[in-house]
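Reading the structure
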Amino acid sequence: MAIVRFAVAEIAAQEISMKVYEVSPRIGIRVLDSIRRPVPVGQDTYIDGKVSADILDRICDTLNLFHRVEKEYKVVKTLPIATSAIREAGNCSMVLDQIQVRTGYRVQALSNSEQRFIRLKGVAAEPDVYQAFNKGTLLVDVGAGSLQVSIFQKMNLITTQNIALGAYRISEMFSEQNGDIASVEEMIRELVENDVHTFEKMFLKGKEIKNIVIVGDAITSFIRQAVEAQSGEATTAEAMRRLYDRINGRTPAEISNILEIPVEYANVFMPFMLVYQTLLEVSKADTVYIPRADFSDGEMRDFAERKGILKPNHDYNEDILTASRSISGRYMGNEDHAATVEKMAVQLFDTMKNVHGLGRRERLLLQISAILHDCGKYISMSSPGDCAYRIIMATEILGLSHAEREMVANIVRFNTQEMPNFEDFQGSLSEEQFIIVCKLAAILRVANALDRSHKGKFSDAKLSLKNSTLTITTKSSENILLEKSTLENRSKFLEDIYGVRLVIRQSRNRR
């Protein structure tokens, strides 16, 4: 494949940027140009709740400037994206509409889990930083509106949590208080420590953390510059503490002078450092990585991998599945049963590929649904479907969009509940997404029924699909009457969805 030029245009909380890339399988990804314009979008969203007309004008003016950059570099495609500062604005839909009308850019406002996942892809593209995930590592992503903390062990994502503790939300407290800087910082420190220590009790207990990887908006580049992190992008916890001491008790104007950074970034510098310093104290990590790869780099890599231009250097699907298993464990899910249902669901999916017409992404959603299918029992044994739906919708699953998370929640809910018609469905899914939910829920129902006794009687099952008959054969000598009885009710939905009749066979006599 020839070298192709792409661009990423990002509307972030503090600035609007464009990066131009050359991409090919041979050279990978190479940055040709980077343009940044300070526009305080987050200040509008997190203080006033919406994007003002003035900020919208500045957004559109900047994006129109980017059109000229596209022409200069002969860019074949630009990926326009927005993060939380646009997503959380009360007038988000109207802002996106006006941007499209006035600039031609159809901006995608990423969900929180998508945003953090893209950031992870950018980080994982840097070999030195990526190797840090071999040991206990916290990936700390401080955004304008919230803080995302993800725990990695042996290259696997163990858990991720979103905390409503963003830099703009914290810095707003500075402007609301008329007291001395030291008193305001003490108040904010108590707020940060409260949330961080809650995270420590729930998720860090018993885990040895050696590294912290910090990512975020443009502010991280100023932190890297201030601690002079150059070799391997790594610095020490002690260097971060010294930087914190240098600016502790200083006004934003003083921080701007001391660190030689623009005052608009100095306004949120201390909130960032408060979060990082508290996490360093809590985790006792000794090494801090500050990657050079930013959000745009992650978006470009994600696009190149999805288009098959580059091969992934990490199994991100396994991260999602590992995190899902961690969620199941948190709600006392039956690990062995979930593994059996997951294996059975995948076998059914693969055997039925010619009749369901779905792809790898839907297969992943089915696996997640199988892993989480009984998490609702932690709250209620009598209404596990509704409880599981609420748990999943309230839980961050890194790498899934909001729509995909809603699909998983509904697949799990309708594993045990009657599936409504689309016209009666209460949710935000499109009709196409609803049909996928129906298809996957039908498979999950059968997979779950095949392990109704939780004894793995069908763990060695062979499946075949011929002439609209799906035959499942087990060599188990156990009594399978319970599973067959359960399947009489569960398989009707499969037949309605796919027009497939289910036949169960036992290849040798039971004892």
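The shown structure was predicted, so the numbers you read here are calculated from the model rather than taken from an experiment.

**Some points on the overall build of the chain**
Along the backbone of the chain there are 21 helices and 14 strands. Scaling as 2.2 N^0.38, a compact globule of 511 residues should have a C-alpha radius of gyration of about 24 Å, and the chain matches this with 25 Å. The C-alpha extent of the chain, read off along each of the three principal axes, is 85 × 50 × 45 Å. Within the chain, the proportion of its 511 residues that are buried is 57%. Sequence separation of 24 or more characterises 69% of the internal contacts of the chain that already satisfy a separation of 6 or more. When the accessible surface of the chain is totalled, it reaches about 22600 Å², and 45% of it is carbon and sulfur. Separation of charge centres in the chain, based on 64 positive and 67 negative side chains, amounts to 9 Å.

**Section: the packing of helix H19 (residues 402–416) against helix H20 (residues 431–449)**
Viewed as axis vectors pointing N to C, H19 and H20 meet at an angle of 40°, and their least axial separation amounts to 8 Å. By the criterion of interaxial angle, the relationship of H19 to H20 is oblique. Crossing geometry of H19 relative to H20 is assigned as right-handed. Across the interface between the two elements, Ala403, Met407, Asn410, Ile411, Val412, Phe414 and Asn415 of H19 pack against Gln433, Ile436, Val437, Leu440, Ala441, Leu444, Arg445 and Asn448 of H20.

**Let's talk about unusual backbone geometry**
The phi dihedral of Lys74 is positive, around 55°, even though this residue is not glycine. Topologically, Lys74 is positioned in the loop between helix H2 (53–73) and strand E4 (77–82). Here the phi dihedral of Glu260 falls at roughly 55°; this positive angle occurs in a residue that is not glycine. Looking at where Glu260 falls in the secondary structure, it is placed in the loop between helix H11 (252–259) and helix H12 (263–283). A residue is classified by how much of its surface remains accessible, and Glu260, at 69% relative accessible area, is exposed.

**What about the side chain of Ser401?**
Examined against the element boundaries, Ser401 turns out to sit in the loop between helix H18 (384–393) and H19. Judged by relative accessible area, Ser401 falls into the buried class, the value being 13%. Aside from chain neighbours lying at most four places away, what touches Ser401 is Ser111, Ser113 and Glu114.

**Here's the deal with the sheet that holds strand E10 (residues 234–236)**
Spatially, the six strands line up as an open sheet ordered E8-E7-E6-E9-E11-E10, and their pairing is mixed. Edge strands, defined here as strands with exactly one partner in the open sheet, are strand E8 (156–163) and E10. Recorded for the sheet is a direction-independent mean angle of 25° between the axes of neighbouring strands. Packing of H12 onto the sheet brings it into contact with strand E6 (137–142), strand E7 (147–153), strand E9 (211–216) and strand E11 (287–289), and relative to E6 it is tilted by some 165°. The sheet strands contacting helix H14 (residues 316–330) are E7 and E8, and the helix crosses E8 at an angle near 65°.

Thresholds, definitions, all that
Residues numbered from 1 in each chain as written. Predicted model: local features only at pLDDT ≥ 70, side-chain atom pairs only at ≥ 80, totals over all residues. Heavy atoms only, no water. Helix = DSSP H or I, 4+ residues; strand = E, 2+ residues; numbered from the N terminus. Rg over C-alpha atoms; globule rule 2.2 N^0.38 Å. Buried < 20%, exposed > 50% of the residue type's maximum accessible area, 1.4 Å probe, protein only. Contact = heavy atoms within 4.5 Å. Areas by Shrake-Rupley, 256 points an atom, 1.4 Å probe, with all protein chains shown as cover. Lys, Arg positive; Asp, Glu negative; His and termini not counted. Charge placed at Lys NZ, Arg CZ, Asp CG, Glu CD. Axes fitted to C-alpha atoms, helices over the stretch in contact; angles between N-to-C directions. Parallel < 35°, antiparallel > 145°, perpendicular 65-115°, else oblique. Left-handed = near helix turned anticlockwise from the far one by under 90°. Pairing = 2+ DSSP bridges.

From the geometry alone we can't say anything about function, so treat these as descriptive.
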